[in-house]
Every structure is written in structure tokens, then in C-alpha cells.
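Each chain, letter by letter, is given below.
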Amino acid sequence: MRFVLSFAVLATALATGCAVTSNSQAAPTAVEGAVPTDDLPLLRFAYAGPPANWPRPTLDPGVAFVEFGKVPRPATPKDPQHTARVALGQMLFFDARLSGPGQMACASCHDAELGWGDGRATSFGHGFQKLARNAPPILNAGLLAHLFWDGRAKSLEDQALAVFENPNEMHASASHVVATLRGSAGYRERFAQAFGEPEPTLANTLRAIADFERTVVSDGSSAFDRFLDGDPAALSDEALRGLHLFRTKARCANCHHGPLLTDGGFHDLGLSYYGRKLQDLGRYEVTKDPADVGRFKTPSLRNVARTGPYMHNGLFDLDGVINMYSAGMATLKPKPEQEGDPLFPRKSPLLQRLDLADGEKRDLRAFLESLSERRRRMTPPTLPELGAAGG
């Protein structure tokens, strides 16, 4: 049973330290939208306790909502080979010599100090050409079912291979990668430690990189995580109001929910630029399903304030994203020659015009900033020399 708590009951509970519960033993919460964002004592009481007892989010029919929570830490095998494999994967992640021109590494686009992205609208690729899409951060990537903005990779191993072989990215063949590693005595030694076999193979190379990337997970250092751990002071008044807006009036929880704050799905936000210079058909390029034209993967919002710019084309800063959602995002209208076009994209019905007030936008931003984790720095490892005399 969920109900609206009167201020008198709230005041009594706060004064006496008593818990007020329903018949189902749940902490008191409000029905959808019933808690006013300007009533901070009531709002703080409503968001006390575990997320399952918070006010229900505002959701459209059919949304498979997963409650907010902390990101699960993957179990770390107590296995010397796994430890060696992660160390090897870190070396491979930083080794630009594996690319065709010997100038690009995984770390070129995924920098720990930049939130595991590269801070650019879209990344530089082979020959410093400007690529079409923004580099998604790899934080928590090992917990995602689909990788890349269009979801074409289903594992970190698949993702790493796709980047190696992309002529516009690392511009390297599988044979080049393997031959480079086999020519290094130092790498052969490390493959022996990691796999019990000194001969580098493509499969083991990809597995080592993936095992390293699986260690890049949220560490629970954000203000929001401290709030989830029971510290009410971890969220400012602004951030708390933003959390409530995020789950209710702003409708963000329709797509951003669960511990990673993503539904893992694909949605059309009206940003495909269909028929124009910046056209990107998104998921359709993978599935060839007309319903997927203009759909892109919902990104995780963990550490989001440190990973701008945003969207698949990197055209927005954080305030710009909030403003666009407040306006209901862009709505493409077909030109006369596009009438009846079976591929003309249709914006997600989950998007609605919100007309948020300036104060509400600031509160939303404060909540998004509360998802920021401690800044990380990772010193590149010493790489084995190439050639038979390497070590």
C-alpha cells in the first residue's frame, strides 16, 4: 500500500524518531507525483530508506522499469592467471603499436582522466580523420548487453575486434595484431603467464583486453551512491529535488533506470538528421529493420557529468541535453518528396514536451552531477619491447 503522507504525520515521526510503515512493512512513500518538490522535509522523508520504498516513478505503459541501485561489483577470481590476464589486457589497451599505423591505442579514445571517453564531440580515427560518432565511455561496459551506439557488438571481445579491423579506426588486420605480439619475447612471456601458452592468438588477445575492461566499473564513490548507502546529507537539496524530477515530472526514468541508469534499449530522439548532411541511421545499419532508423542505444548516466559532450554525434553539452529534453527533443517532418518513405524515422513516443522551469533544470543538473565518481588516473604500463630480443 502506497499513500500520501501528511505533514503532521511526518512531523510527528521526525520528532519522535518513530518509523511509519504500511501494512506491508514498507516505509511511507507517495503515489506518483504526490510529493511536491518544494517541500524539502517531506521530500527527504519520502526518499529515506531503500529505493524500493521511494515514490513510484512516472512511467508510460509497457516500460520495464528496474529500480535504482548501486552498480554490482563483479567477482574477482582469485586466480593468478586471471590477474596476469588483466595486467596483459591493460598493456594491450595502451599499446598503439597494435594499430596499423602504430599510432592509435584503445586508450586513445578511452582515457581514465576523461571519464573513460576522449572529451571530443567525435573521435579522431586513422590518419587523424574525424569519425562520425562520439566515443562511448567504457565505464561499466562489461555489464552491458550491447556495445557501440548502434549495438552491433554483443561482447567486449567483439567490440575490440571491430575497432582493430575498422579501416577508419585502428586500421589493423587480425594477422597484423597477432604477428606483432608473436614477434615480442616480452609479450610471449606474458601470454604464457596469462593463458599457460606463450603463443599469442587473436582470441586470447581479445579476451585479455576484455578482462581488463571488465575491471573498469563504478566504485561507489559518487554522492548518489553515498545517498543509497544511507547518508541523507550526500545529496544537496537541489540534487534531491532533481532526483524526484528525474523519476517523475521530467520522465527520465522511462529510459534511464536500474543501477546503470539505462534500459539498454534503442530509441529515436529525433537526432538522425535523416536526409541531411549529418544523417546517421543508427541501429538500422545493423538490423535493416525500418523501425530502427534513427534509434541509438540509451547510454548509462553513471559518471555522466564527466563524459561530455553528449549524444551519438557529440553535439550537446549537459545544459543543452536538458534543454532539448525539456522541449521534447527535435521532431523531424518529412519533406514533400519524403512522404510515404518507409524509412522515415519516427521519434520515440516516450518523449514529451515538458517545459521545465529554469530552477527545475538546475535541479536536474545537480542530480546528474551527483552521479560523478572520483577522478581516476591511470599511468600507462611499461610495454614489452617488440622483436625477438624484447622483454
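Quick summary incoming for the structure in this document. (Residues numbered from 1 in each chain as written. Predicted model: local features only at pLDDT ≥ 70, side-chain atom pairs only at ≥ 80, totals over all residues. Heavy atoms only, no water.)

1. Some details on the environment of Met91
Here Met91 lies in helix α3 (residues 80-94). Separated by 67 residues in the primary sequence, Met91 and Asp158 have C-alpha atoms spaced 19 Å apart. Each residue touching Met91, except ones within four places of it in the same chain, is listed here: Tyr187, Arg190, Pro381, Thr382, Leu383 and Pro384. (Helix = DSSP H or I, 4+ residues; strand = E, 2+ residues; numbered from the N terminus. Contact = heavy atoms within 4.5 Å.)

2. Things to note about helix α5 (residues 156-165)
Residues of α5 that are buried: Leu156, Glu157, Gln159, Ala160, Val163 and Phe164. Along the axis of α5, the buried residues cluster in a sector spanning 160°; they form a single face. Next to the buried residues of α5 lie α6 (174-182) and α8 (202-213). (Buried < 20%, exposed > 50% of the residue type's maximum accessible area, 1.4 Å probe, protein only. Arc of directions from axis to C-beta.)

3. A few points about the side chain of His244
Turning to its location among the elements, His244 is positioned in helix α10 (residues 237-247). Only 2.6 Å separates the side chain of His244 from the side chain of Tyr47, close enough to count as a polar contact. (Polar contact = N/O pair within 3.5 Å; in protein donor to acceptor, adjacent residues only side chain to side chain.)

4. Observations regarding the pattern of salt bridges
Applying the stated criterion to the full structure yields 24 salt bridges. As a salt-bridge pair, Arg214 and Asp211 come within 3.0 Å of each other at their nearest N and O atoms. Relative accessible area serves as the criterion here: at 10%, Asp211 is assigned to the buried category. Ionic pairing is found between Asp292 and Arg295, a salt bridge with its closest N-O pair at 3.3 Å. Take Arg295: its relative accessible area is 31%, and that puts it in the partly exposed class. Residues joined by salt bridges that share partners form a network here, namely Arg85, Glu157, Arg207, Asp211 and Arg214. (Salt bridge = Lys/Arg side-chain N within 4 Å of Asp/Glu carboxyl O.)

5. Points about the packing of aromatic side chains
The geometry of an aromatic ring pair is captured by two quantities: the separation of the ring centres and the angle between the planes. Counted by the stated rule, this structure contains 15 aromatic pairs. Aromatic side chains Phe68 and Phe246 sit 6.0 Å apart centroid to centroid with 75° between the ring planes, which places their arrangement in the edge-to-face category. Here Phe68 is found in the loop between α2 (40-46) and α3, whereas its partner Phe246 is found in helix α10, with 178 residues between them in sequence. As far as burial versus exposure is concerned, Phe68 and Phe246 are alike and both buried. Taken together, a centroid distance of 6.1 Å and an interplanar angle of 70° make the contact between Phe124 and Phe128 edge-to-face. We classify Phe124 as partly exposed; its relative accessible area is 34%. Three or more aromatic residues link up through ring pairs in this structure, and these residues are Tyr47, Trp54, Phe65, Phe68, Phe224, Phe227, Phe246 and Phe367. Arg152 extends its terminal NZ or CZ atom over the ring of Phe148, reaching a point 3.7 Å from the ring centre. (Phe/Tyr/Trp six-rings, centres within 6.5 Å; stacked < 30°, edge-to-face > 60°. Lys NZ or Arg CZ within 6 Å of the ring centre and 35° of its normal.)

6. A short note on the packing of α10 against helix α13 (residues 358-369)
What describes two packed helices is the angle between their axes and the distance between those same axes. Taken N-terminus to C-terminus, the directions of α10 and α13 make an angle of 100°; their axes are 7 Å apart at the nearest point. Considering the angle they form, α10 stands roughly perpendicular to α13. The residues of α13 that touch α10, namely those facing Glu238, Ala239, Arg241, Gly242, Leu243, Leu245 and Phe246, are Glu360, Asp363, Leu364, Ala366, Phe367 and Leu368. Partitioning the contact of α10 with α13 into residue classes produces eight nonpolar, one polar and four charged. (Axes fitted to C-alpha atoms, helices over the stretch in contact; angles between N-to-C directions. Parallel < 35°, antiparallel > 145°, perpendicular 65-115°, else oblique. Nonpolar A, V, L, I, M, F, W, Y, C, P; charged D, E, K, R; others polar.)

7. Looking at unusual backbone geometry
Between Gly308 and Pro309 the backbone carries a cis peptide bond, its omega angle lying at -5°. The topology assignment puts Pro309 in the loop between β2 (295-297) and α12 (318-326). The backbone of Phe128 sits at a positive phi, close to 60°, despite the residue not being glycine. Here the phi dihedral of Asn140 falls at roughly 65°; this positive angle occurs in a residue that is not glycine. Assignment of secondary structure puts Asn140 in the loop between α4 (106-109) and α5. What makes Asn140 buried here is its relative accessible area of 1%.

8. Brief notes about the layout of surface pockets
Approximately 220 Å³ is the volume found for the second largest pocket. Considering the residues around the second largest pocket, the lining is formed by Arg73, Pro74, Ala75, Thr76, Pro77, His82, Gly142, Leu143, Asp211, Arg214, Thr215 and Val217. Residues that form the lining of the second largest pocket fall into these classes: five nonpolar, four polar and three charged. (1 Å grid on protein atoms, 1.4 Å probe; cavity = no way out; pocket = protein on both sides within 12 Å on 5 of 7 lines; lining within 4 Å. Points joined across faces, edges and corners; volume = space filled by probe spheres on them.)

9. Focus: helix α7 (residues 185-195)
Those residues of α7 not exposed but buried are Gly186, Tyr187, Phe191, Ala194 and Phe195. In a view along the axis of α7, the buried residues occupy a sector of 140°, so they form one face of it. The inward-facing, buried residues of α7 abut α3, α6 and α8. One or two steps after α7, the chain reaches Gly196, where phi turns positive at roughly 75°.

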